[in-house]
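Each chain, letter by letter, is given below.
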Amino acid sequence: MDFSRPKCSPWRELILVASLLASGIFQTAGQLSIIPFIGLEGYRSFLDLENIPEDAQEYSWHRGVRDTEGNMIVSYRPPSNSWQSGPMFSGRENVTKEGRLTIRNSMLNDTGNYTVRVDVSSGTHRATSLLEIRKESDPGISTNTTSVVEYMDSVAALCHTNATTIRWYVNGLQVSSNDLMTISPDGKTLIILKVSRYDVILRCALENILVYLQKSEQIILTVAYGPDSVRLRSDPTVFNGILSAELGSKVEMKCTSNAFPEPKYRWIHNGSLLSISETNITLPSLTWEQMGRYRCIVENPVTQLTMYRDIQIQRKTGYIPIGEIDFYISGSLVVFLIVMTVLGGVYLCGILVYLMINHFSTRTNRAI
C-alpha cells in the first residue's frame, strides 16, 4: 500500500522518542540527525533528516551503522539532479531532493539501522538511526447471522482486534450508537436492533500507529422484505378498479410488487383459484365467462407477508351501434332522443285534438 506521509499524533511522537532512546543514539543540538520511524508492513516508510547542512552536494543512504560502498542503498546528487543505486538497493527505495529516504511496501526485514552521509563543500556529515517495521493485521469481523427479515430480526457484529479505537461502517458510512443500533463500550460489538433492506454491508476498521484506517472484510447481509404494495396494470387501462372491454377483445393484466426474495403470485377469479402462478394473465378473446372480479395475491414466504389487488372486468357500455355504419351515439343521448320523440308526439296529438274540437265547434255554431 502506498500512502502519503501521515500526520503525527502526540502518542505516536512519544513512540518515536522511545525508539530513539532505545536505539541508544543521541544527537547534539544543531547536528545532522535522522528522525526514527516506526512503520507497518505493506505501507510506505520514511526516514527524515533534521539540521540538514546547507550546500549539500550528495545524500548517500546506507544499511547499517557504516557508510561503506558495500552497504550503500541509494544516493542523490542535487547539483546534477541524479540518482545512483548501490548493492543494498531493492528497487523500493528512493531519496528525495530534501534527502529523505522513502521505502515503498515496507517489509519486516527492513527493520534495522540506517546511516546517511551528506557531503558538502566543507566536509562530510553523518547520522544513524533506527527504522522499525511492525506487522499489524487487518481486523476480522463476524456476525451471528447473515440472513434476516426486515424490521423483524436483529444482527450482532463482532470486530476481532485488540485495538482500542474501532470504527463501524454500514453501507460505507461510519455509524455511531443511535435509536436503530448500538455499539458496545469497547467498540468491538455493533448491534442493529431492527435490520432494514438498506443495512446490507457491514465492516469495522481500526486506526493503526500510522493513523491509517485498516478495514476488515465486508459482510453482506441477505435481507428479506416486502411485498410493500401490489400494482395491477392492464390493457385496456383500468379506471377506479374497473376494466371495461368488448366481448371478443384481448385483455391483459400484469401484477407487480417490490419484494425479496421473489414472491409467489396467485390469481382468483370470482372466488375460484386459478392454476396460474405467473405475474400476468392474458385473455386473447374475452368471453362472458371470463368477466367478473379478478384478484392478484402476492405472498413472500420468508417475511410471511401477503398483499392483494382486485380488478373488475365488465362489458364495455355507453356506446350503442346505429345501423351498420361505423357511427355510434351514447346511451344517454339515445334516452334523451326517445323522451323528446315521445313528448313531441304527445304534443302533436294534442294539437290535432284541439284543432278537431275547434273545427266541429265552429260548424255547430253556424248551423244554429
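Rules used in this analysis
- Residues numbered from 1 in each chain as written.
- Predicted model: local features only at pLDDT ≥ 70, side-chain atom pairs only at ≥ 80, totals over all residues.
- Heavy atoms only, no water.
- Helix = DSSP H or I, 4+ residues; strand = E, 2+ residues; numbered from the N terminus.
- Buried < 20%, exposed > 50% of the residue type's maximum accessible area, 1.4 Å probe, protein only.
- Contact = heavy atoms within 4.5 Å.
- Areas by Shrake-Rupley, 256 points an atom, 1.4 Å probe, with all protein chains shown as cover.
- Core = buried A, V, L, I, M, F, W, Y, C linked by side-chain atoms within 4.5 Å.
- Disulfide = S-S within 2.5 Å.
- Salt bridge = Lys/Arg side-chain N within 4 Å of Asp/Glu carboxyl O.
- Phe/Tyr/Trp six-rings, centres within 6.5 Å; stacked < 30°, edge-to-face > 60°.
- Lys NZ or Arg CZ within 6 Å of the ring centre and 35° of its normal.
- Patch = residues over 30% accessible without salt bridge, like charges linked within 9 Å, V, L, I, M, F, W, Y side chains within 5 Å.
- Pairing = 2+ DSSP bridges.

Draft legend 1. Focus on the overall build of the protein. Secondary structure summary: the protein contains two helices and 32 strands in total. Taken over 368 residues, the protein has a buried fraction of 35%. A separation of at least 24 residues holds for 56% of the contacts in the protein among residues at least 6 apart in sequence. Counting only carbon and sulfur atoms, one obtains 56% of the accessible surface of the protein, whose full area is about 21,800 Å².

Draft legend 2. Main features of the nonpolar core. One finds Leu47, Leu49, Trp61, Leu101, Tyr114, Val116 and Val118 to be the most contacted residues of the largest nonpolar core, which totals 28 residues. Here the element with the most residues in this core is strand S10 (residues 112–120); it accounts for four residues. Excluding anything up to four places from it in sequence, Val116 contacts Leu32, Ile34, Leu49, Ser60, Trp61, His125, Arg126 and Ala127.

Draft legend 3. Looking closely at the state of the cysteines. Throughout the structure, instances matching the rule amount to two disulfides. Disulfide partner of Cys159: Cys204, at an S-S distance of 2.1 Å. Its torsion about the S-S bond being 75°, the disulfide of Cys159 and Cys204 is classed as right-handed. With Cys159 in strand S14 (residues 155–160) and Cys204 in strand S19 (residues 201–207), the pair connects residues that are 45 residues apart, well separated along the chain. Of the two residues, Cys159 and Cys204, neither departs from the other in class, the shared state being buried. Disulfide pairing places Cys255 opposite Cys296 at an S-S distance of 2.0 Å. For the disulfide bridge between Cys255 and Cys296, the dihedral angle about the S-S bond is near -95°, and by the sign convention the bridge is left-handed. Here Cys296 lies in strand S29 (residues 292–300) and Cys255 lies in strand S25 (residues 251–257), a separation of 41 residues in the sequence. As far as burial versus exposure is concerned, Cys255 and Cys296 are alike and both buried.

Draft legend 4. Local environment of the pattern of salt bridges. What the rule picks out here adds up to 15 salt bridges. Across the salt bridge formed by Asp67 and Arg117, the nearest N and O atoms sit 3.6 Å from each other. With Asp67 in the loop between strand S5 (56–63) and strand S6 (72–77) and Arg117 in strand S10, the pair connects residues that are 50 residues apart, well separated along the chain. Both residues of the pair, Asp67 and Arg117, count as buried.

Draft legend 5. Structural view of the packing of aromatic side chains. Enumeration according to the criterion identifies three aromatic pairs in this entry. Judged by centre distance (4.6 Å) and plane angle (35°), the ring pair of Tyr76 and Trp83 falls under tilted. Note on Tyr76: relative accessible area 3%, which makes it buried. Their ring planes at 25° and their centres at 6.4 Å tell us that Tyr225 and Phe260 sit as a pair that is stacked. Taken together, the residues Tyr225 in the loop between strand S22 (222–224) and strand S23 (230–235) and Phe260 in the loop between S25 and strand S26 (264–269) connect sequence positions 35 residues apart. Here Arg295 stacks its cationic end above the ring of Tyr308, 3.9 Å away from the centre of that ring.

Draft legend 6. Region of interest: unusual backbone geometry. In this model, Gly226 is joined to Pro227 through a cis peptide bond whose omega is 5°. Here the amide bond leading from Phe260 into Pro261 is cis, since omega sits at 0°, within 30 degrees of zero. Mapped onto the secondary structure, Pro261 falls in the loop between S25 and S26.

Draft legend 7. Region of the structure containing a nonpolar patch on the surface. Judged by side-chain polarity, Leu333, Val335, Phe336, Leu337, Val339, Met340 and Leu343 come together as a nonpolar surface patch covering roughly 620 Å² of accessible area. Turning to its location among the elements, Leu343 is positioned in helix H2 (residues 331–367).

Draft legend 8. Representation of the sheet that holds strand S30 (residues 305–315) in the model. Here five strands make up an open sheet; going across it, the order is S24-S30-S29-S26-S27 and the pairing mixed. Two strands in the sheet have a free side with no partner beyond their single neighbour: strand S24 (242–245) and strand S27 (272–273). Sheet analysis places S24 next to S30, joined by four bridges and oriented parallel. Each residue of the ladder has a partner; that of Ala245, found in S30, is Arg315.

Draft legend 9. Layout of the pairing of S26. Of the two faces of S26, the one holding Tyr265, Trp267 and His269 is buried and the one holding Lys264, Arg266 and Ile268 is not buried anywhere. Pairing of S26 with S29, which is carried by six bridges, proceeds in the antiparallel orientation. Following the sheet pairing, His269 is matched in S29 by Tyr294. With two bridges connecting them, S26 and S27 associate as antiparallel partners. Bridged to Ile268 within S27 is Leu273.

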